[in-house]
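Okay, here's what each chain looks like letter by letter:
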Amino acid sequence: MSRKKINNKEAVGKRVCKKCREPLRSTNSYNYCDNCRRERAKARRKTMELCLGVSAVVLSIVPGVKHFVNKK
Ligand SMILES: [Zn+2]
């Protein structure tokens, strides 16, 4: 008579990092652990820099193109 009681609620309530499955602290309101969040922030910053670089290139090209198109 030792039926194992599976506590699903606890399993669901235990939050783990979405990326590395590391258990999260209860104070953590994110779905990722500190390490993964740092990595994500780094990746995001890189993407931002890339976007800024691209838009800077585009912005430097557009005036030239506009000038060229408006020339009549
Ligand atoms: Zn993680």
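Look up a bit, the structure's there.
Quick caveat, the model's predicted, so the values are computed rather than measured. Per chain, residues are indexed from 1 in the order of the written sequence. The model is predicted, so local features are restricted to residues of pLDDT at least 70 and side-chain atom pairs to those at 80 or more, both for listing and for counting; the totals for chains, interfaces and linings are taken over all residues.

Asker: Whenever I open this one, helix α2 (residues 34-70) confuses me. Can you help?
Answerer: Working note: α-helix, 3.6 residues per turn, so residues spaced by three or four point in the same direction. Helical segments are the DSSP runs of H or I of at least four residues, strand segments are the runs of E of at least two, and each set is numbered from the N terminus. Take the number of residues in a helix, subtract one, and multiply by 1.5 Å to get its expected span. For α2, spanning 37 residues, the distance from its first C-alpha to its last is 52 Å, which sits close to the expected 54 Å at 1.5 Å a residue. Here exposure depends only on C-beta density: within 10 Å of a residue's C-beta, 20 or more other C-beta atoms make it buried, 12 or fewer make it exposed, and intermediate numbers make it partly exposed, the C-beta atoms being placed from the backbone. Burial within α2 is sparse, with just zero of its 37 residues counted as buried.

Asker: I'm lost on unusual backbone geometry in this one. Help?
Answerer: Residues apart from glycine generally show negative phi values, whereas peptide bonds are mostly found in trans. A positive phi angle, close to 65°, is found at R21, a residue other than glycine. Residue placement: R21 occurs in the loop between α1 (8-13) and α2.

Asker: I'm lost on the environment of Y32 in this one. Help?
Answerer: Assignment of secondary structure puts Y32 in the loop between α1 and α2. Note: C-alpha distance between Y32 and V16 (16 residues apart in sequence) is 7.4 Å. Any two residues are considered in contact once their C-beta atoms, placed from the backbone, lie within 7 Å. Not counting residues within four places of it along the chain, the set of residues in contact with Y32 comprises C17, K18, K19, R37 and R40.

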